[in-house]
Amino acid sequence: MIANRHLMTCFRESAKWLIGCCLVLLFCNSVFAPIANAQAAGPGCNEISTTVFPAIPGEIVQLVSCTEELQQGGNQSLTIDVPTGVQAGDFLVFVLSTDGTFEDIDDPTEFNADWTLAGTYQPTPGITSEVFYQVADATTPATYTFGWDSNEQYYSYMLRFTGASGLFSIGLATGTDATAETPAITTNSINNLILKMVNIDHRFFATFDETADVTGMTTPHYNITEDSSRPPSAGGGGGATTSGAALYYYQAAQGLGAAGTFDLSGVQEWHTRTMGIEPIEFRISMPDTTAAVCGTQDVTLSVTDRLGNPMTWFTGTVTLTASNAT
C-alpha cells in the first residue's frame, strides 16, 4: 500500500525534521505497546473449530488462530479446515508429519498450488515432515487437502498470522534423543516472530495435553499446541503414532537467535524447525529532504516487505499529528 498526504509545513531545518515530528499511528491488527510476558500454556489447536489466540501488545506480526487435523489408522490424505476469518494478505503456515519415512508429501501433485514448500522436507528418521506456506488472497477456500503414497497416521495444524510480509528464515534439525534441539537461525530483519516446531515419531511428551506447557524452551515463549495422531485417551498405540508441538516468541534484533529444546519423555526420532516470520514495514518519504521547506509537500507512506515490495493488500488507518506548532 502507498498513500499520499498533503501537509502544510514551515520549519528551519530539513524535511527530515518533519518526519521526526509527525506521530504516525498505524493500526494493522496490532497495538504498539510494551511486550507482554509469556503465557503459561497455549490454548491448543483442535479439529472441531478455529482456536483464537490473544493479541500480543507491541508486536506487528500476530498469531491470530489455528486449526488442526490428525488421524490414527491408515490414511493417504487429509483435509483440514482453514482458520475462519482469513483475509487477503494473511500469512498461513501448515505443518504436517506422517508416521512413515520417505512419504511424498513434497510432491506438488499431492497438494493445492496455493501452497509453497518451505524447503525443509525431511523424510527420515522415523517420520516424514514438512512446512508449507502461502500469502492468502480473496479466493482462499474453506478447506485444503494434502496427500501422500502410503497408509499412515498423521498429525497436522494450520496457523494464521497477520502483519507478516511473507518473507521468512527457516532452519531444520533432526536427531534421536530425549531432547529435541531446535536450530538457531539468523533473521534478516527486526521484530521477527520466531516459530519453534517439533515433530516426533511416537508419542513422547513428559506431559501430554493440548493445554499443557511445552517444556524445555529456554527462551520465554507463548505456547501454541501439542498433540498426537493417536491421543492418550485412545489408549495404547503410542509406538505407532506421530506427534508434535509448537510455540513462538519475538526477537527484536536482527541477526542470530537462540537455539532451544523440547523435552521428551524418552529417546525417540524427531524433526525440529525454527522459522523467523518477518513483519511488514512502514516507510515514510518526502520529495524535499534536504532544503528548508515552507509550503505544501506530499508525504508518502509505503507498506512494504523488507525488500521494498509493496503490500498491495494492506488496509489500515494512518494519523499524522503535527508537533512543535508546525
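Residues numbered from 1 in each chain as written. Predicted model: local features only at pLDDT ≥ 70, side-chain atom pairs only at ≥ 80, totals over all residues. Heavy atoms only, no water.

> How do you make sense of the side chain of Ser65 when you look at a structure like this?
Inspection of the secondary structure assignment puts Ser65 in strand β4 (residues 62-81). Of the residues examined, Ser65 reaches a relative accessible area of 2% and is grouped as buried. In this structure Ser65 touches Thr50, Thr51, Val52, Phe53, Pro83, Thr84, Met158, Leu159 and Arg160, once residues within four positions along its chain are discounted. (Helix = DSSP H or I, 4+ residues; strand = E, 2+ residues; numbered from the N terminus. Buried < 20%, exposed > 50% of the residue type's maximum accessible area, 1.4 Å probe, protein only. Contact = heavy atoms within 4.5 Å.)

> How do you make sense of the nonpolar core when you look at a structure like this?
Ranked by size, the top nonpolar core spans 29 residues in total, and within it Leu159, Phe161 and Leu195 carry the most contacts. The element best represented in this core is strand β8 (residues 143-162), accounting for four residues. Beyond its immediate sequence surroundings of up to four residues, Leu159 is in contact with Cys45, Leu63, Ser65, Cys66, Phe91, Leu92, Val93, Leu195 and Ile224. Ile80, Phe94, Ile105 and Phe111 belong to the second largest nonpolar core, which has 16 residues in total. (Core = buried A, V, L, I, M, F, W, Y, C linked by side-chain atoms within 4.5 Å.)

> Which parts of the structure should I look at to understand the confidence of the model for the chain?
Regions with low pLDDT should not have their predicted coordinates read in detail. On average, residues of the chain score 80 in pLDDT, and 74% of them reach the 70 mark or higher. Predicted confidence for residues 4-41 stays below pLDDT 50, and this span has 109 contacts to residues more than four positions away or in other chains. (pLDDT = per-residue confidence, 0-100.)

> Would you mind showing me how to read the sheet that holds strand β9 (residues 164-182) here?
Note on sheets: strands pair through backbone hydrogen bonds, and any given pair is parallel or antiparallel. One open sheet accounts for five strands, arranged β9-β15-β11-β13-β12; its pairing is antiparallel. Strands at the two margins of the open sheet, each flanked by one partner only, are β9 and β12 (222-228). Geometrically, the sheet is characterised by an average inter-axis angle of 15° between neighbouring strands, direction not taken into account. With ten bridges joining them, strand β11 (residues 192-201) and strand β13 (residues 242-251) adopt antiparallel strand pairing. Bridging across to β13, Asn199 finds its partner in Gly244. (Pairing = 2+ DSSP bridges. Axes fitted to C-alpha atoms, helices over the stretch in contact; angles between N-to-C directions.)

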